[in-house]
Amino acid sequence: MNISTLVPTVRPYQSYVYAYPHKTAYRPLADRPALRELWAAEPKDALSLYLHIPFCEVRCGFCNLFTRIGAPEGLVAAYLDALERQAGAVREGLGEGARFAAAAFGGGTPTFLEAAELERLCDIAEKGMGADLAAVPLSVEASPATATADRLAVLAGRGTTRLSLGVQSFVDAEARSAVRPQRRADVEAALGRIREAGIPVLNIDLIYGIEGQTERSWRRSLDAALAWRPEELYLYPLYVRPLTGLGRKGSREPKAEWAAEWDAEWDEQRLRLYRAGRDHLLAHGYEQVSMRMFRAQGAPSTGGGDHACQTDGMVGLGCGARSYTSALHYSFDYAVDMREIRGIVDDYVSRPAADFAHAEHGRPMTGDEARRRHLLQSVLQAEGMELAGYRARFGTDPAEDFPVELAGFAARGWLDPDAAPGRLRLSPEGLAYSDALGPELFSSAVRAAMATYDLK
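Residues numbered from 1 in each chain as written. Predicted model: local features only at pLDDT ≥ 70, side-chain atom pairs only at ≥ 80, totals over all residues. Heavy atoms only, no water.

Novice: Would you mind showing me how to read unusual backbone geometry here?
Specialist: For residues besides glycine, phi is generally negative; the peptide bonds are generally trans as well. Residues Tyr 20 and Pro 21 are joined by a peptide bond in cis, for which omega reads -5 degrees. Mapped onto the fold, Pro 21 is located in the segment before β1 (27-28). Note that the residue after Gly 107, namely Gly 108, is joined by a cis bond; omega there is 15 degrees. Inspection of the secondary structure assignment puts Gly 108 in the loop between β5 (100-107) and α3 (115-128). With a phi angle near 40 degrees, Arg 32 is a residue other than glycine that sits in the positive phi range. Note that Arg 32 resides in the loop between β1 and α1 (35-39). For Arg 32, a relative accessible area of 33% corresponds to the partly exposed category. (Helix = DSSP H or I, 4+ residues; strand = E, 2+ residues; numbered from the N terminus. Buried < 20%, exposed > 50% of the residue type's maximum accessible area, 1.4 Å probe, protein only.)

Novice: Help me understand the packing of helix α2 (residues 75-94) against α3, please; the structure alone is not making it clear to me.
Specialist: A pair of packed helices can be characterised by two numbers: the angle between their axes and the separation between those axes. Following both chains from N to C, one finds α2 and α3 inclined at 10 degrees, their axes separated by 10 Å at the closest point. Between α2 and α3, the angle is such that the two are roughly parallel. Taken together, the residues of α3 that come into contact with α2 (itself represented by Val 76, Ala 77, Leu 80, Asp 81, Leu 83, Glu 84, Ala 87 and Arg 91) are Glu 117, Arg 120, Leu 121, Ile 124, Lys 127 and Gly 128. Residue classes in the contact of α2 with α3 are distributed as seven nonpolar, one polar and six charged. (Axes fitted to C-alpha atoms, helices over the stretch in contact; angles between N-to-C directions. Parallel < 35°, antiparallel > 145°, perpendicular 65-115°, else oblique. Contact = heavy atoms within 4.5 Å. Nonpolar A, V, L, I, M, F, W, Y, C, P; charged D, E, K, R; others polar.)

Novice: I keep staring at the pairing of strand β8 (residues 201-208) and nothing clicks. Help me out?
Specialist: Successive side chains on a regular strand alternate, one facing one side of the sheet and the next facing the other. Summarising burial for β8: eight of the eight residues are buried, a large majority. Both faces of β8 are covered, namely the face carrying Val 201, Asn 203, Asp 205 and Ile 207 and the face carrying Leu 202, Ile 204, Leu 206 and Tyr 208. The pairing of strand β7 (residues 162-168) with β8 spans six bridges and is parallel. Residue Gln 168 lies in a different strand from β8, and its bridge partner there is Leu 206. One ladder, built from six bridges, connects β8 with strand β9 (residues 232-237); its direction is parallel. Directly across from Asp 205, in β9, lies its bridge partner Tyr 234. (Pairing = 2+ DSSP bridges.)

Novice: How should I be thinking about the environment of Val 58 in this particular structure?
Specialist: Along the chain, Val 58 turns up in the loop between β3 (55-56) and β4 (68-69). Note: C-alpha distance between Val 58 and Pro 181 (123 residues apart in sequence) is 8.3 Å. Each residue touching Val 58, except ones within four places of it in the same chain, is listed here: Ile 69 and Pro 181.

Novice: Would you mind going over the nonpolar core with me for this structure?
Specialist: A general feature of soluble globular proteins is that nonpolar side chains tend to end up buried together. One finds Leu 49 and Leu 206 to be the most contacted residues of the largest nonpolar core, which totals 118 residues. Broken down by element, this core gets its largest block of residues, ten residues, from α2. If you look at the next biggest cluster of nonpolar residues, it comprises ten residues, including Ile 210, Leu 238, Val 240 and Val 289. (Core = buried A, V, L, I, M, F, W, Y, C linked by side-chain atoms within 4.5 Å.)

Novice: Which parts of the structure should I look at to understand the pattern of salt bridges?
Specialist: A side chain with one charge can pair with a side chain of the opposite charge if their charged atoms come near. Counting across every chain of the model gives 27 salt bridges. We note a salt bridge from Arg 292 to Asp 435, for which the minimum N-O separation is 2.6 Å. With Arg 292 in the loop between β10 (286-288) and β11 (293-296) and Asp 435 in helix α16 (residues 434-440), the pair connects residues that are 143 residues apart, well separated along the chain. Arg 292 gets classed as buried once you look at its relative accessible area, which sits at 4%. According to the relative accessible area criterion, Asp 435 is buried, its value standing at 2%. Of the charged contacts in the structure, one is a salt bridge between Arg 372 and Glu 405, with a shortest N-O distance of 3.7 Å. You can see Arg 372 sitting in helix α11 (residues 367-379) and its partner Glu 405 sitting in helix α14 (residues 403-411), a full 33 residues away along the chain. Among the residues examined, Arg 372 registers a relative accessible area of 12% and is labelled buried. Overall, Glu 405 belongs to the buried group, its relative accessible area being 17%. (Salt bridge = Lys/Arg side-chain N within 4 Å of Asp/Glu carboxyl O.)

The following block contains the structure:
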């Protein structure tokens, strides 16, 4: 094998791999398998529960998540009705012995819901699904405008252990550039209310690579966030994707996912800002958990880390949620375009309970895909992966299963030669290139499915 062929110039920002395979690799399931069959032989004593709320007060220019702007009169109530019907069907499909070890509300913006609606959402998780929110880590996403005192009181009272606030920038001009209308004064007021609510872990999301952002303005945002002593900070590189606000606007012209050409100057800016942000947080006593996540030393871990559910067991409720078994990943249809999303939401709220007893869109997980997923979601964590755990699960060694990929990572200096024996770990440079390294572990079948997905 000629290692020199494995070390060409690499795009550092190719794809944010938060789950594998991506939903664009999912397809309609012709047999619509029953949930009872899918979950019959699965371990169910430590499941994760995810409830998806597909509503936001505005849609940020960079956002390609499954969410719509606002909700006509009655739609939120109808959505919660459907969520309740789905919970009943899913709980029956899980069968006996299902227990939840963690829960999360995401979106969209869960705090788009009013306080009474949030109470109902918690009831669906507890009474509908049997999750004890007061006894397990519960993470909730929020925006500054919706982090109101009454909503936060509900979340704190129902056992929320972590609240993640999407700030993105404390510089008003940068927020406008990212098509995120907000004022720093309003962000600071929201942070004050969150601290007053007493939720144990505060996470603040920040974005680097915004047009007009400099190292000085990036430092201003970092220092403004640090002033609140958040237990966690996420530093996200800006992506501009098709069908998003920035994509339509023509800001940073979107390239095809695997295009040979890219904006090298922008990549250099993002890498420079990433390294500056990383070093700044490390100097302030934070530990790096992944490329994106930083945790204050001594802060509790409350289930808010990068979602590395290598052992599967995810139950998702809502039209944008995905679920994982060892043999199948499944969800509802996926879209980015606002009109398409509205249609999927409208279809979801009109479904009878019986429709929720089957999986409709998904991707089977073969042995090879399970290996790729385990390696990918383990090695992208700063602590790396214990080889013994991989061998115990699959009966093979990752060097046997992925010799070309691992040799390429080593040739680029992405693997840590000083990792403890029996541990595969990325170097600091490897972590910096996580968004290039992750996609290299995609199978050819998943790449082909993503490439032929009809973007909508």
